[in-house]
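Read off the chains here:
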Amino acid sequence: MRRHIASIALLVHDYDEAIAWYRDALGFALIEDTDQGGGKRWVRMAPGSDPRFSLLLARADNPRQQAVVGDQHGGRVGYFLYTDDFQRDFAAMTHKGVRFLEAPREEAYGTVAVFEDLYGNRWDLLEPKP
């Protein structure tokens, strides 16, 4: 049996604002948006049109969940967006208002810079070395 991680939940304040940000700022595709009733939706977004891995945008619906929106990893980078062209994506994301917390840097593993999503979760934009 082959196994893989299909989705990772990301707590958000609002489905539609999160969909718009991930679509417009990062170029993610909306893979699924299914009404679950009671104001809940099953919303999956992916960095491309391949749905094998996606972010599941989950609206925070209680005070405990709301308290960690934007800090799901305690201030650490918790998400890693790989690219095959760092300069292209860095320029496009910067132009679209994505807030980078540092200048791009070269590491042994590739070119990287940390950015925040609309809620403050930290991500790496990373072009791995071949």
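Here goes a summary of the coordinates provided. For clarity, every value in this text was computed on a predicted model and none was experimentally measured.

### Structural notes on the pattern of salt bridges
For side chains of opposite charge, pairing can occur when their charged atoms come near one another. Taken as a whole, this structure holds 10 salt bridges when the rule is applied. Among the ionic pairs, Arg23 bridges to Asp24, the shortest N-O distance being 2.7 Å. The class for Arg23 is partly exposed, based on a relative accessible area of 42%. Between Asp33 and Arg41 there is a salt bridge, and its shortest N-O distance comes to 2.7 Å. For Arg41, a relative accessible area of 21% gives the class partly exposed. Among the charged side chains, a network of salt bridges with common partners joins Asp16, Asp33 and Arg41.

### Describing the side chain of Arg44
Its place among the elements puts Arg44 in strand E3 (residues 40-46). Residue Arg44 is classed as buried on the basis of its relative accessible area, which comes to 15%. Within the structure, Arg44 has its side chain in polar contact with the side chain of Ser54 (distance 3.0 Å). When residues no more than four places from it in sequence are discounted, the contact partners of Arg44 are Ser7, Ala29, Leu30, Ile31, Glu32, Pro51, Ser54, Leu55 and Leu56.

### Regarding the nonpolar core
By size, the foremost hydrophobic cluster in this structure holds 29 residues, and its most contacted members are Tyr22, Leu57 and Phe115. Mapped by element, the contributors of at least two residues to this core are strand E1 (7-12), helix H1 (15-26), E3, strand E4 (54-59), strand E5 (77-82), helix H3 (86-95), strand E8 (110-116) and strand E9 (122-128). By residue number, the principal contributor to this core is H1, which donates seven residues. Not counting residues within four places of it along the chain, the set of residues in contact with Tyr22 comprises Leu10, Gly27, Phe28, Met45, Leu55, Leu57, Asp117, Leu118 and Trp123.

### Some thoughts on a nonpolar patch on the surface
Where nonpolar side chains cluster on the molecular surface, the patch consists of Ile5, Ile8 and Phe53 and spans about 270 Å² of accessible area. Relative to the helices and strands, Ile5 is located in the segment before E1.

Calculation notes
- Residues numbered from 1 in each chain as written.
- Predicted model: local features only at pLDDT ≥ 70, side-chain atom pairs only at ≥ 80, totals over all residues.
- Heavy atoms only, no water.
- Salt bridge = Lys/Arg side-chain N within 4 Å of Asp/Glu carboxyl O.
- Buried < 20%, exposed > 50% of the residue type's maximum accessible area, 1.4 Å probe, protein only.
- Helix = DSSP H or I, 4+ residues; strand = E, 2+ residues; numbered from the N terminus.
- Polar contact = N/O pair within 3.5 Å; in protein donor to acceptor, adjacent residues only side chain to side chain.
- Contact = heavy atoms within 4.5 Å.
- Core = buried A, V, L, I, M, F, W, Y, C linked by side-chain atoms within 4.5 Å.
- Patch = residues over 30% accessible without salt bridge, like charges linked within 9 Å, V, L, I, M, F, W, Y side chains within 5 Å.
- Areas by Shrake-Rupley, 256 points an atom, 1.4 Å probe, with all protein chains shown as cover.

In short, shape yes, function no, at least from these values alone.
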